[in-house]
Amino acid sequence: AAPVAMVAGMSSMSKHHVIVKSGPTLEQLGRAKTFAFDKTGTLTQNQLVIQEVIPEAGFTKEEIQSDAASLETQSGHIIASSLVKGTPKDWIKPVNDLQESTGNGVSGTVNGKLVKVGKLAYVAPDSGVKKAPTTAVYVSVDGKYAGHITFKDQLRPETPATLARLRRQGAKHIMMLTGDNQDVANAIAEAAGVDDVRAGLLPAEKIEAIKGVSEDNRPVVMTGDGINDAPSLTAADVGIAMGAKGATAASESADVVIMTDDISKINDAVAISKHTMKVAE
Ligand code: ADP
Ligand code: MG
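Quick caveat: nothing in here was measured; it's all calculated off a predicted structure.

Procedures and definitions
- Residues numbered from 1 in each chain as written.
- Chains lettered and ligands numbered in written order.
- Predicted model: local features only at pLDDT ≥ 70, side-chain atom pairs only at ≥ 80, totals over all residues.
- Pairing = 2+ DSSP bridges.
- Helix = DSSP H or I, 4+ residues; strand = E, 2+ residues; numbered from the N terminus.
- Axes fitted to C-alpha atoms, helices over the stretch in contact; angles between N-to-C directions.
- Contact = placed C-beta atoms within 7 Å.
- Near = placed C-beta within 6 Å.
- Nonpolar A, V, L, I, M, F, W, Y, C, P; charged D, E, K, R; others polar.
- pLDDT = per-residue confidence, 0-100.
- Domains from an automatic or database assignment.
- Core = buried A, V, L, I, M, F, W, Y, C linked by C-beta atoms within 7 Å.
- Buried ≥ 20, exposed ≤ 12 C-beta atoms within 10 Å, placed from the backbone.
- Parallel < 35°, antiparallel > 145°, perpendicular 65-115°, else oblique.
- Left-handed = near helix turned anticlockwise from the far one by under 90°.

Here we take up the sheet that holds strand E6 (residues 113-118). The sheet built from six strands is open, its strands ordered E3-E8-E7-E6-E5-E4 with antiparallel pairing. Every other strand in the sheet has two partners, leaving strand E3 (49-55) and strand E4 (95-101) as the edge strands with one partner each. Adjacent strand axes in the sheet meet at a mean angle of 20° when their direction is disregarded. Strand contacts of helix H4 (residues 61-72): E3, E4, strand E5 (105-110), E6, strand E7 (136-141) and strand E8 (144-152), with the helix running at about 110° to E5, the strand carrying the most contacts.

Looking now at the site of ligand 1. For ligand 1, the set of nearby residues contains 23 residues, the closest of which are Lys 39, Thr 40, His 77, Thr 178 and Gly 179. Only helix H3 (39-43), helix H5 (78-85), E5 and E6 provide two or more residues apiece to the shell around ligand 1. At three residues, H3 tops the list of elements feeding residues into the shell around ligand 1. Of the residues contributing to the shell around ligand 1, the split by class is five nonpolar, 13 polar and five charged.

Another point: the sheet that holds strand E10 (residues 196-198). Sheets are built from strands paired through backbone hydrogen bonds, the pairs being either parallel or antiparallel. If you trace the seven strands from one edge of the open sheet to the other, you get E1-E13-E12-E11-E2-E9-E10, paired in mixed fashion. At either margin of the open sheet sits one strand with a lone partner, and together these are strand E1 (18-20) and E10. Shown here is a sheet whose adjacent strand axes are inclined to one another by a mean of 20°, direction ignored.

The next point concerns the confidence of the model for the protein. When pLDDT is low, close inspection of the predicted coordinates is not appropriate. Looking at the protein, the pLDDT average stands at 93 and 96% of residues meet or exceed 70. ipTM for the predicted complex: 0.94, alongside a pTM of 0.91.

Moving on, we come to the domain arrangement of the protein. Annotation of the protein at the domain level lists domain 1 (3-45 + 155-280) and domain 2 (49-152). The centre of domain 1, based on its C-alpha atoms, is set 30 Å off from the matching centre of domain 2. Across the boundary between the two partners, domain 1 contributes 14 residues, which contact ten residues of domain 2. Looking at the side of domain 1 that touches domain 2, the elements with two or more residues in it are H3 and helix H8 (182-192). Looking at side-chain class alone, the side of domain 1 that touches domain 2 contains five nonpolar, six polar and three charged residues.

Another aspect to go through is the nonpolar core. Side chains that are nonpolar tend, in soluble globular proteins, to be buried together. Membership of the largest hydrophobic core comes to 49 residues, with the highest contact counts inside it found for Ala 36, Val 221, Ala 236, Ile 240 and Val 256. By residue number, the principal contributor to this core is H8, which donates five residues. With sequence-adjacent residues up to four places away left out, Val 221 is seen in contact with Leu 29, Ala 32, Phe 35, Ala 36, Ala 236, Asp 237, Val 238 and Ile 240. With 27 residues, the next largest nonpolar core counts Leu 48, Ile 64, Ala 132 and Val 137 among its residues.

Attention now goes to the pairing of strand E9 (residues 173-177). Counting buried residues in E9 gives four out of five residues, a clear majority hidden from the surface. Of the strand pairs in this sheet, strand E2 (residues 34-38) and E9 are connected by five bridges, and their pairing is parallel. Each bridged residue has a counterpart across the sheet, and for Thr 34 the counterpart in E9 is His 173. Two elements, E9 and E10, share three bridges in a ladder whose sense is parallel.

The subject of this paragraph is H5. Burial in H5 covers these residues: Ile 78, Ile 79, Ala 80, Ser 82 and Leu 83. Against H3, E3, H4, E7 and E8 lie the buried residues of H5.

Quick look at the packing of H4 against H5 now. Direction vectors running N to C along H4 and H5 enclose 125°, while the axes themselves pass 8 Å from each other. Considered as vectors, H4 and H5 are oriented oblique to each other. Two packed elements cross with a definite hand, and for H4 against H5 that hand is left-handed. Across the interface between the two elements, Ala 68, Ala 69 and Glu 72 from H4 touch Ala 80, Leu 83 and Val 84 from H5. Considered class by class, the residues forming the contact of H4 with H5 number five nonpolar, no polar and one charged.

Here it is as structure tokens:
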């Protein structure tokens, strides 16, 4: 496309609160055939609601929620901020020796106890505990499984219409790449209108899923909101970071940044790209 048309296209995007970092990105966005999405915080709302706190025998609800939320004050994960928001302020304790394992969870010392919070496989792999069929974080204390906390993960109201319009705009393949469990992923995918669901993925497996998209189905656009999405945004032909805060954790790795908390902006971006390329032909 002519440089003038490109500049006009990028300027038009910015009026829609979409920042496009380069001309080639603008061009690829208009031709994209596969749209991949992270689930939690991207197809679903950017805050989850605590549903139930379920302690093991020997632990109390307050103890596991307090320990878990204290650690999660140090994580940028959307489940982390949702847990902290739903926990009384005076339950939050100081944390030492904090370590975050991206895509897995967080560990650290709270009140002299070694606490881990996150995925079951990270927190208590050999406990024999069954995974809950809902979005959940698991907690262990001094190496012992201590309980779990379940969350309600709700679809963004604008998600189904956004995906339907993407199909009318030429999308052949719509994928969900999530670290969450298969049951939750299937339910959200069905409601959203996703046709290819990949669940239980670690950040490296999300990259593999993107690399595995066939030549016929490219370019691939990946949209995500969190720091654990950064590698997959880089692996895609076009990486889109979304978040109301403007500079989300994933923005640096992205080719496009959606500055408002509204996934339908992706339709505007595709429309403007198509328009720009046609003008320039
Ligand atoms: P999605 O890809 O759908 O956004 P993620 O891969 O970000 O999902 O997270 C999937 C799962 O990873 C969560 O359901 C949770 O079990 C676990 N997880 C990762 N990081 C954290 C954290 N800091 N705190 C709690 N859970 C975490
Ligand atoms: Mg996410």
